Amino acid sequence: MGAPWRTPERRRGKLAALSIAAMVILVGVPLWWKTTQTYRAWLPVAQINELAKLQLQLSADVEVVFARGTATPEQQKKVPVTQTQDEDHAVDEADLSLHRLSESPCGSLVIYVIPESSSLLPENVNVYIGQRRTALLRIGAQMKVGKTLKQLLAHLEPRVKQILQVMSFSHNDITAALSDRVRFSPDNKESIADSMRAFKSSPGYEITFSLLNPDPKSHRLHWDIEGAVQTYIQPLLTKLSPVANFSLDSQILYYAMLGVNPRYDSSRSAYILNADSLAHVINPVEARLGSNAASSNPVLNFLLYVPDAHHSPLYIHDHKKREVQTNAFHSPRWGGIMVYNVNGFYQTGTNFPVDVNINMAKVMGVFLAQLRLLLGVQSTAPPSSFQVAPCGSSGLADWELDRLMWSRSVENVATATTTITSLAQLLDQIGNIVINDNIAQQVSSAVTSLQLAVAELEVGNLGFALQYSKEAILASEKAFFDPSLLHLLYFPDDQKFAIYIPLFLPMCVPILLSLLKIVSEVRQRRREKQAKKD
Amino acid sequence: MKILTLLSFFTAYTLTASVNIEDSAGQFFSSGHTNNWAVLVCTSRFWFNYRHVANTLSVYRSVKRLGIPDSHIVLMLADDMACNHRNPKPATVFSHKNMELNVYGDDVEVDYRGYEVTVENFLRVLTGRLPPSTPRSKRLLSDDRSNILIYLTGHGGNGFLKFQDSEEISNVELADAFEQMWQKRRYNELLFIIDTCQGASMYERFYSPNLMALASSQVGEDSLSHQPDLAIGVHLMDRYTFYLLEFLEDIHPASKTNMNDLFKVCPKSQCVSTPGHRTDLFLRDPGSVLITDFFGSVRKIEITMETINLTDPIKQMEENSGNDVQTENNTYVDQLPVSEIIHQKPKQRDWHPPDGFILGLWTLILLVFFKTYGVKHLKHVF
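Definitions and limits used
- Residues numbered from 1 in each chain as written.
- Chains lettered and ligands numbered in written order.
- Predicted model: local features only at pLDDT ≥ 70, side-chain atom pairs only at ≥ 80, totals over all residues.
- Heavy atoms only, no water.
- Helix = DSSP H or I, 4+ residues; strand = E, 2+ residues; numbered from the N terminus.
- Buried < 20%, exposed > 50% of the residue type's maximum accessible area, 1.4 Å probe, protein only.
- Contact = heavy atoms within 4.5 Å.
- Areas by Shrake-Rupley, 256 points an atom, 1.4 Å probe, with all protein chains shown as cover.
- Patch = residues over 30% accessible without salt bridge, like charges linked within 9 Å, V, L, I, M, F, W, Y side chains within 5 Å.
- Salt bridge = Lys/Arg side-chain N within 4 Å of Asp/Glu carboxyl O.
- UniProt positions renumbered as here; feature names shortened; annotations may be inferred.
- Pairing = 2+ DSSP bridges.
- Axes fitted to C-alpha atoms, helices over the stretch in contact; angles between N-to-C directions.
- Disulfide = S-S within 2.5 Å.

The next subject is the overall build of chain A. When helices and strands are tallied, chain A shows 13 helices and 15 strands. Taking all 534 residues of chain A together, the buried fraction comes to 47%. Taking as baseline every contact in chain A between residues at least 6 positions apart, the subset at least 24 positions apart corresponds to 78%. For chain A, the accessible area works out to roughly 27,400 Å², and carbon and sulfur atoms hold 55% of it.

Following this line, the structure appears as structure tokens:
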């Protein structure tokens, strides 16, 4: 009689158990592993880490041209194209003709050095910064004759550097632009205010002009907003088009009051708004201003408030109780408000309502100044011996545009790099997020654009650098804010056990038990064999 | 002696420097924010959770009163109490007994209502990962200079908060969401208030900078509700939020009360639970943080000193709009797939095996039949 384990059924049973176990281990486990894996497309992590170091090198082309009488011909350093500057031009005419000499591409500067005795600039002014990309630098008295090239250049270098800091970029500007990454610890408190005031770089902005008429019974206001925008604002926006897109709209709000009551000042027989109460003006009005529901671009609001007949004229006083010339104020990253008094246009006792035509040139002058401030165009005041030409009809000098482009490029590059690196870190940390192909593609294109932007900044092609940096930031934002990247799948380990045990345990227990049984039978057989042998 | 004089000079210098700074730059340096946002979430549904909706709406009212506009508030209410069938006074939500204060009113702007309030939507709002079709009012469009107030209320436990009675958000997920907000610089400072049972567990895991958190109860304690109203039949408010609101009633847009007073709101004698707070991640000293930095919206103001002299007259717009611009015939995209509805062919429905209930029912019937009449009758069936 054979041992119990020799019977065919037992053998069949053992084979069945073994084959099932084999199937589970060889086919089942890999299949389960593969099907529960999250799809993660490949990301260029090495390049991202390389970019994270962010070594930026900015170079601006500066051409220094020596006018006759400042340097001997051997001392000329760069392209020797000069014209005689002897005539008594007015300074701005000279600037214009100099500009026609060499049309400089954006990002570069031309500095013309003029002799000490030149009458182009007034007495106490050493540097004149023109509307376009030129500057006039008056050479010092000690450099008259007999100095070597080296000494001349050594004398000029700090002056040229100073001009560069005003016209292109300075250390403070770049640090402010990098405020995302660099913990901005400024020694200059003015620059904190500057960095808080200007809007962050964004691909588009929306500008809304609103006319607030709290008293339609007394005033019928007419403003030619379309013409004013076309004539005064649009040139600036067209010039700024490489930096961002702008969309404009306008509205008129009736019965919109300011939230504060102005004080009556009998000495001036006018109503006064203190600087302290200005902070509470905006909020009640803001609830009534609409915004474009379709876009997520930052909104700049410009409000023109015409006080009602009972509270006219209304003046704004600053912190020192002086009257403000422009009668306007602005709020950082929000917009500006101007108070326009119309009581001068009619006599008391006329039949209400009175038709009033608003002087759009005055209004737009103030709004344009506020717009420049809010977009970050304005810089800190230049040193005292500098004279800056007033900006032209477009409201923006070329070098101011360059300045803005420099800081925007740096800001875009820094922001895009931070976004990409934090995205890579996030995806690394959380293993459960699915990385689709389109995200990987956006990340790759962002990395490529960033590398190109950094290269262009090194060379000094400002236009291309800005364009690449804009592409980089668009791609990186798209990748970071993709709706599919939700890390909702946070499963603590005990929850994972709770999910898998009811599925796998009932199946695994019989297999394990039968395997154990086989192993114990084999062992027993071997022991018996040993016993038989002995 | 020298050191003393040096020290005195140094302190004198810094004092004068700071005084000058105060004069010249005004209120810029009391806080680094330029705008305020609020995300107010009520996570529970059903009529007996009336008090959570009333909590959230009361905080919404206070925040609006102190100046934050609707465009900067994301209000998420998981259920509609005002129009609930069991509400004896429809279109109202009261927060005081004897129906003193209706916090619903007619200018409440709810951004996420009913079943839209989910953990996923909440996290999407915080991190900004919303689908491109989301309108502006449903987005949190904050930047690096925004102070955000986040208020959560509902039922919670040790480390989680229950959403809609069916899902939950854990404190790890919340901390990760805040970290992602910090990475993308979506806030300058963030105040997190939670009014649930064991609320302190929700802020245990925070690790991003500039976060301040308040909770209504510690781990192991329950937050209790304040008072029932016999006419409405449910509890109207939770204790912590009730006393928080009492505190906020005294705040007006120009007040200078700071956060240390907020921490003292609702002591154990009034609240029965022990409110907690966490400030170790916050960079500024809480004593220098104004309540209105988070609950209100006090704008920074600068006087415009310059103007640009514009001398060109306004260009007359030429009448060329008729000739140049091609008037396109715009049409609406099909709002309803009308053609599909009208010309619909009957859909080929996939065959599904019969439902369990039907199957069970038939099995029961067959069993009973064969039990009664014996198995030999099977031949009549087949």
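A cluster of nonpolar side chains, namely B:Phe357, B:Ile358, B:Leu361, B:Trp362, B:Leu364, B:Ile365, B:Leu367 and B:Val368, defines an oily patch on the protein surface of about 840 Å² accessible area. Examined against the element boundaries, B:Leu361 turns out to sit in helix 10 (residues 356-373).

What follows covers the environment of B:Ile251. Residue and element names in this part refer to chain B. Mapped onto the fold, Ile251 is located in the loop between helix 5 (239-249) and helix 6 (259-263). Residues Ile251 and Ser62, spaced 189 residues apart in sequence, show a C-alpha to C-alpha distance of 9.2 Å. Once residues lying within four places of it in the same chain are set aside, the contact partners of Ile251 are Arg65, Leu66, Thr257, Ile291 and Thr292.

A separate point is the UniProt feature "active site" (unreviewed entry) in chain B. All names here are of chain B. Those places that UniProt annotates as "active site" (unreviewed entry) correspond, in this numbering, to His155 and Cys197. Judged by maximum C-alpha separation, these annotated positions cover 43 residues in sequence but sit close together in space, the widest gap being only 6.4 Å. Take His155: it is sitting in strand 5 (residues 155-157). Classification of His155 by relative accessible area gives partly exposed; the value is 25%. Here His155 is in contact with Thr43, Ser44, Asn49, Arg51, His52, Leu161, Lys162 and Thr196, once residues within four sequence places are set aside.

With that out of the way, let us pick up the UniProt feature "transmembrane region" (unreviewed entry) in chain A. Residues and elements named next belong to chain A. According to UniProt, the positions carrying the feature "transmembrane region" (unreviewed entry) are residues 15-33 and 497-519. End-to-end, the C-alpha atoms of residues 15-33 are 26 Å apart, and along that stretch the chain is 100% helix and 0% strand. For residues 497-519, the end-to-end C-alpha separation is 28 Å, with 100% helix and 0% strand making up the annotated structure.

Before going further, it helps to examine the sheet that holds strand 11 (residues 302-303) of chain B. Read from one edge of the open sheet, six strands run 7(A)-5(A)-10(A)-13(A)-12(A)-11(B), paired in mixed fashion. Both outer strands of the open sheet, strand 7 (245-254) of chain A together with strand 11 of chain B, are each paired with one neighbouring strand and no more. The sheet contact formed by strand 12 (residues 328-331) of chain A and strand 13 (residues 335-339) of chain A spans four bridges and is antiparallel. Considered in strand 13 of chain A, the bridge of A:Ser331 is made with A:Gly335. Sheet strands in contact with helix 9 (residues 360-375) of chain A are strand 5 (204-213), strand 7, strand 10 (299-305), strand 12 and strand 13 of chain A, and its direction is about 150 degrees off that of strand 10 of chain A.

Right, let's talk about the state of the cysteines for a bit. All names here are of chain B. For the structure on display, the rule yields one disulfide over all chains. Here Cys266 is linked by a disulfide to Cys271, with a sulfur-sulfur distance of 1.7 Å. Sign of the S-S torsion, about 100 degrees for the bond between Cys266 and Cys271, identifies this disulfide as right-handed. When sorted by exposure, Cys266 lands in the same class as Cys271, which is buried. Cys42 carries a free sulfur, and the closest cysteine sulfur to it, the one in Cys197, is 14 Å from it. Unpaired in terms of disulfides, Cys197 finds its nearest cysteine sulfur in Cys271, a separation of 12 Å. Residue class for Cys197 comes out buried when judged on its relative accessible area of 18%.

What follows deals with the sheet that holds strand 7 (residues 167-170) of chain B. Residues and elements named next belong to chain B. Strands sit in the order 5-6-7 across an open sheet of three strands; the sheet is antiparallel. Looking at strand neighbours, the two that pair on one side only are strand 5 and strand 7, the edges of this open sheet. Across the sheet, the axes of successive neighbouring strands diverge by a mean angle of 30 degrees, strand direction being ignored. Pairing of strand 6 (residues 160-163) with strand 7, which is carried by four bridges, proceeds in the antiparallel orientation. Paired with Lys162 across the two strands is Glu168, which belongs to strand 7.

Applying the stated rule across the entire model yields 26 salt bridges over all chains. Taking the shortest distance from any N to any O, the salt bridge between A:Arg220 and A:Asp355 comes out at 3.1 Å. Of this pair, A:Arg220 sits in strand 6 (residues 219-222) while A:Asp355 sits in strand 14 (residues 354-357), and the two are 135 residues apart along the sequence. For A:Asp355, a relative accessible area of 48% puts it in the partly exposed group. Across the pair B:Asp238 and B:Arg51 runs a salt bridge, and its minimum N-O distance is 3.1 Å. Of the two residues, B:Asp238 sits in the loop between strand 9 (211-215) and helix 5 while B:Arg51 sits in helix 2 (residues 50-65), which places them 187 residues apart along the sequence. Assessed through its relative accessible area of 3%, B:Asp238 is described here as buried. One continuous salt-bridge network, built from bridges that share partners, spans A:Lys200, A:Arg333, A:Glu411, B:Asp143 and B:Asp144.

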